[in-house]
Amino acid sequence: MKKQTIFITGAGSGLGKGTAIGLAQQGHNVIAAVHTWEQMSRFKEELADTDYKKQIELIKIDILDPIDRKRAWDYDVDILVNNAGRAETGPMAEIPVNYLREVMEVNTFGTLEFSQPFIKKMVKKKKGKVIFLSSIAGLVTNPFLGAYNASKHALEAVVQCLRDELQPFGVTVATINPGPFETGFNDRAYDSYKQWFDEEVNFTPKKDIEKAAEQMGKMQLDPQIMIDKMVEIIPQEKHNFRTIHTEEFIAMCKEYQERQYKIQTDEIDESKK
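All chains use their own residue numbering, which begins from 1 and follows the written sequence. It should be noted that, the model being predicted, local features are given only for residues of pLDDT at least 70 and side-chain atom pairs only at 80 or more, the latter also being counted only at that level, while totals for whole chains, interfaces and linings use all residues. Only hydrogens and water are set aside; all other atoms, that is, all heavy atoms of the structure, feed into the side-chain values.

Participant: Outline the nonpolar core, supporting the account with residue identities and numerical values.
Facilitator: The biggest cluster of nonpolar side chains holds 30 residues, and the ones touching the most others in it are Val30, Ala32, Phe43, Ile56, Val81, Ile176 and Ile234. Only heavy atoms matter for contacts: two residues are in contact if any of them lie within 4.5 Å across the pair. With near-sequence residues (within four places) excluded, Ala32 lies in contact with Ile8, Ala11, Ala20, Phe43, Ile56, Glu57, Leu58 and Ile59. Only buried Ala, Val, Leu, Ile, Met, Phe, Trp, Tyr and Cys residues count toward a nonpolar core, and they belong to the same one when joined by side-chain atoms within 4.5 Å. Partly exposed residues are those whose accessible area sits between 20% and 50% of the maximum for their type, while under 20% is buried and over 50% is exposed, using a 1.4 Å probe and protein chains only. Membership of the second largest hydrophobic core comes to 25 residues, among which are Ile31, Ala33, Val77 and Val171.

Here is the structure:
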């Protein structure tokens, strides 16, 4: 396989970090963009005695920070992997809308804005690839995860438009849509509502949110399964536009979408019961 230069955001933890390591082990040159200096320090320590440390360049990048973005845009890469993301939980009728704005800013608006200068370079070269880490949450909805669902549904539309618009310029665009994996991301998301939720003020029963969090916890899978799939897909020249993993979630997403054409106004989707 051709060795490539791959820039991956959100590489300080979870799937992003594991994928950066996996790609480096394959011999690719990886620019691993981490969100905080603390993440960088830990990552450096972990790389110290490895035989692939020369394949990874660590850089501190907050995709919303103008100074960080400007530094990132100096790189000339073969593949950009937009993995950085944020989630907030809470009932959509009660969540402070500013939290929704912040999630949308990171997962949708900021991700597109961060990508555009890389895309322009790729268009000039008539080659390049941009991968967006979406989620099955961009194809279905989950109890009390509406802010994240909204951001990923919006991202799906953005990426599909980019795919069709950039194909004539030789630039490949694709999504990777993980299911729930035990990286800590989902657990932190389902804790976030506690920052503002007040049982004396909010009408949504707290026990319902706790039940949804518990159900999410039971669904989570070994993240190495997803990391292996990302390491496999990212360098490939040709593959499906959308990679949902694990595969059993493909049927779940299709069935959910189909039900939305039939569900009545007095019904609740069966996945929410």
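Now that the structure has been shown, we can carry on.
Participant: Help me get a handle on the environment of Ile6, residues and values and all.
Facilitator: By definition, any uninterrupted DSSP run of H or I lasting at least four residues is a helix, any uninterrupted run of E lasting at least two residues is a strand, and each is numbered from the N terminus. Examined against the element boundaries, Ile6 turns out to sit in strand β1 (residues 5–8). Exposure remark for Ile6: the relative accessible area of 0% places this residue in the buried category. Sequence separation between Ile6 and Glu258 is 252 residues, and the spatial gap between their C-alpha atoms is 36 Å. Sequence-distant contacts of Ile6, defined by excluding residues within four places in its chain, comprise Leu23, His28, Asn29, Val30, Ile31, Ile79, Val81 and Ile234.

Participant: Talk me through the side chain of Thr111; I want residue IDs and the actual numbers.
Facilitator: Position of Thr111 relative to the elements: it lies in helix α4 (residues 97–125). In this structure the side chain of Thr111 is engaged in a polar contact, spanning 2.8 Å, whose partner is the backbone oxygen of Val106. Every residue in contact with Thr111, bar those within four places of it in the chain, is listed here: Ile63, Asn82, Ala84, Glu105, Val106, Phe132 and Leu155. Polar contacts, as counted here, are pairs of nitrogen or oxygen atoms within 3.5 Å of one another; within protein the pair requires one atom able to donate a hydrogen and one able to accept it, and residues that are adjacent in sequence qualify only if both atoms are side-chain atoms.

Participant: Any details on the state of the cysteines? Residues and values, ideally.
Facilitator: Cysteine sulfur pairs qualify as disulfides if the two atoms are within 2.5 Å. Tallying each qualifying case throughout the model produces 0 disulfides. Considering cysteine sulfurs only, Cys253 is the nearest to Cys161, which forms no disulfide, with 20 Å between them.

Participant: Tell me about empty space enclosed by the protein, and name the residues and values.
Facilitator: Cavities and pockets were defined on a 1 Å grid built from protein atoms only: a cavity is a group of points that admits a 1.4 Å probe but offers it no way out, a pocket is an open group of points flanked by protein on both sides within 12 Å along at least five of seven lines, and a lining residue is one with an atom within 4 Å of any such point. Grid points are joined across faces, edges and corners, and a volume is the space filled by probe spheres set on the points. Summed over the entire model, instances satisfying the criterion amount to 1 cavity of 30 Å³ or more. Of the voids in this model, the largest cavity is the one considered here, and its volume is about 30 Å³.

Participant: Now, about unusual backbone geometry: what can you tell me, with residues and values included?
Facilitator: Cis geometry marks the peptide bond from His245 to Thr246; its omega dihedral reads 5°. Mapped onto the elements, Thr246 comes out in the loop between β7 (242–245) and α9 (248–259). Despite not being glycine, Lys126 shows a phi value in the positive range, around 65°. Mapped onto the elements, Lys126 comes out in the loop between α4 and β5 (128–133). Given a relative accessible area of 62%, Lys126 falls into the exposed group.

Participant: Please provide a residue-by-residue account of a negative patch on the surface, values included.
Facilitator: Together, Glu182, Asp187, Asp222 and Asp228 make up a region of like negative charge exposed at the surface. Within the secondary structure, Asp228 sits in helix α8 (residues 223–233). Each patch is assembled from residues with relative accessible area greater than 30% and no salt bridge, linking like charges that lie within 9 Å and nonpolar side chains (Val, Leu, Ile, Met, Phe, Trp, Tyr) that lie within 5 Å. Each accessible area value is a Shrake-Rupley result obtained with a 1.4 Å probe; residue values ignore everything except the protein chains displayed when judging cover. We count a salt bridge whenever a side-chain nitrogen from Lys or Arg sits within 4 Å of a carboxyl oxygen from Asp or Glu. For the purpose of counting charges, residues Lys and Arg are taken to be positive, whereas Asp and Glu are taken to be negative. His and the chain ends are not included. Lysine's charge is taken at NZ, arginine's at CZ, aspartate's at CG and glutamate's at CD.

Participant: Before we move on, can you summarise α9 with the specific residues and values?
Facilitator: Helix length check: α9 (12 residues) gives 17 Å between terminal C-alpha atoms against 16 Å at 1.5 Å per residue, within 8%. The set of residues buried in α9 consists of Phe249, Cys253 and Tyr256. When α9 is viewed along its axis, its buried side chains cluster within an angular range of 65° and face the same direction. Residues of α9 that are exposed and angled more than 90 degrees away from the buried face: Glu248 and Lys254. Elements that come into contact with the buried residues of α9 comprise α7 (206–219) and β7. Residue count minus one, scaled by 1.5 Å, sets the expected span of a helix. Each direction from the helix axis to a C-beta atom contributes to the arc, which is the arc of those directions.

Participant: Give me the lowdown on the layout of surface pockets, citing residues and values where you can.
Facilitator: Where empty space is left can be seen by rolling a probe of water-molecule size over the atoms. Size it by volume and the second largest pocket reaches roughly 340 Å³. As for the second largest pocket, its lining consists of 15 residues, of which Lys2, Gln4, Lys127, Gly128 and Glu237 are closest to the centre. Ten residues, namely Ala, Val, Leu, Ile, Met, Phe, Trp, Tyr, Cys and Pro, are considered nonpolar, four, namely Asp, Glu, Lys and Arg, are considered charged, and the remaining ones, Gly among them, are considered polar. When grouped by side-chain class, the residues that make up the lining of the second largest pocket number 4 nonpolar, 5 polar and 6 charged.

Participant: Lay out the side chain of Asp68 with the relevant residues and their values.
Facilitator: Among the structural elements, Asp68 can be located in helix α3 (residues 66–72). Judged by its relative accessible area of 10%, Asp68 falls in the buried class. Not counting residues up to four positions away in its chain, the partners in contact with Asp68 are Lys60, Ile61 and Asp62.

Participant: Could you give me a rundown of the packing of helix α1 (residues 14–25) against α8, with the residues and numbers involved?
Facilitator: At a minimum axis separation of 9 Å, α1 and α8 run at an interaxial angle of 50°. Viewed along their axes, α1 and α8 adopt a mutual orientation that is oblique. The crossing of α1 and α8 is right-handed. Across the interface between the two elements, Gly14, Leu15, Gly18, Thr19, Gly22 and Leu23 from α1 touch Pro223, Met226, Ile227, Met230 and Val231 from α8. The residue makeup of the contact of α1 with α8, split by class, is 7 nonpolar, 4 polar and no charged. Interaxial angles span 0 to 180 degrees and are taken between N-to-C directions of axes, which are lines fitted to C-alpha atoms, for helices over the stretch in contact. Roughly parallel means an angle under 35 degrees; roughly antiparallel means over 145; roughly perpendicular covers 65 to 115; every other angle is labelled oblique. Here a crossing is called left-handed whenever its near helix is offset anticlockwise from the far helix by less than a right angle, and right-handed whenever the offset is clockwise.

Scope: geometric values only; no functional claims are made or implied.
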